[in-house]
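Close look at the chain arrangement
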Amino acid sequence: GKNNSVISVYRTFYENYIVFAFLQKHPELKTAFIEHKDMLHCLIIKEEQNIKGIEVEEKILKRIDELEKKYGANFKENYGWTESVIEDRSKRNLKTIYESSNLSEAFSFYYKLSCNFTHATAFSLLCHPEVKDIYGYIYAIVEIFVREFEELLSNLKMITKAKALIKEWIEYMARDVN
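Keep in mind that what you see is a predicted model, and the values were worked out from it rather than measured.

1. What to know about the packing of aromatic side chains
- One pass over the full model with this rule turns up 10 aromatic pairs.
- Geometrically, the ring pair formed by Phe20 and Phe33 is edge-to-face, given 6.2 Å between the ring centres and 70 degrees between the ring planes. Placement of Phe20 in helix 1 (residues 2–25) and of Phe33 in helix 2 (residues 30–51) is noted, with a sequence separation of 13 residues between them.
- Pairing Phe33 with Trp81 gives two aromatic rings, centres 4.9 Å apart and planes at 75 degrees, and the pair type is edge-to-face. With Phe33 in helix 2 and Trp81 in the loop between helix 3 (58–71) and helix 4 (94–100), this residue pair connects regions lying 48 residues apart in the sequence.

2. A word on a nonpolar patch on the surface
- A cluster of nonpolar side chains, contributed by Val131, Tyr135 and Ile138, occupies part of the molecular surface with about 270 Å² of accessible area.
- Mapped onto the elements of the fold, Ile138 is located in helix 7 (residues 131–155).
- Take Ile138: its relative accessible area is 32%, and that puts it in the partly exposed class.

3. Side note on the packing of helix 2 against helix 3
- Contact geometry for helix 2 and helix 3: axes closest at 9 Å, N-to-C directions at 145 degrees. Helix 2 and helix 3 meet at a crossing whose hand is left-handed. The segment helix 2 lies against helix 3, with Thr31, Ala32, Glu35, Asp38, Met39, Cys42, Leu43, Ile45 and Lys46 engaging Ile60, Leu61, Arg63, Ile64, Leu67, Glu68, Lys70 and Tyr71.
- In terms of residue class, the contact of helix 2 with helix 3 is built from 10 nonpolar, one polar and six charged.

Reading the values: rules and limits
Residues numbered from 1 in each chain as written. Predicted model: local features only at pLDDT ≥ 70, side-chain atom pairs only at ≥ 80, totals over all residues. Heavy atoms only, no water. Phe/Tyr/Trp six-rings, centres within 6.5 Å; stacked < 30°, edge-to-face > 60°. Helix = DSSP H or I, 4+ residues; strand = E, 2+ residues; numbered from the N terminus. Patch = residues over 30% accessible without salt bridge, like charges linked within 9 Å, V, L, I, M, F, W, Y side chains within 5 Å. Areas by Shrake-Rupley, 256 points an atom, 1.4 Å probe, with all protein chains shown as cover. Salt bridge = Lys/Arg side-chain N within 4 Å of Asp/Glu carboxyl O. Buried < 20%, exposed > 50% of the residue type's maximum accessible area, 1.4 Å probe, protein only. Axes fitted to C-alpha atoms, helices over the stretch in contact; angles between N-to-C directions. Left-handed = near helix turned anticlockwise from the far one by under 90°. Contact = heavy atoms within 4.5 Å. Nonpolar A, V, L, I, M, F, W, Y, C, P; charged D, E, K, R; others polar.

Here is the structure:
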């Protein structure tokens, strides 16, 4: 239902938050991250064309080859774009990215719980969250936004009073959710 959708959206949002925090810490990976989208897109098209029995387009094969030459054969993997920072192939995963991003553990509880609702388990099949069960997820998303806005504000060249007013307004909005 709708409540499961909120939980699923939180999970995706939090995973993206982890990746973007990692990219903030390692800005040298931004180009590889963006080009990794190209690699995955080409691999999807290649797989689809193989399934349909269609000859794979030359431009797709060429782009895959270009990216492999630039980044290596492991670039095809889900976190292949992290290879220059996470050298151990077995550790190129979201958990390692999370651990190296120095994020607060406060939000990981909801992430772990959301996995129980999104993976096919007895829990996900037999438990149906009610509206009251999703408030924590919504609050966690708002808290993430508050933290990000606070960091953004600290880097802006504004008068302190204006920053304080904006911060106060954001915190007020966050309290309203809870």
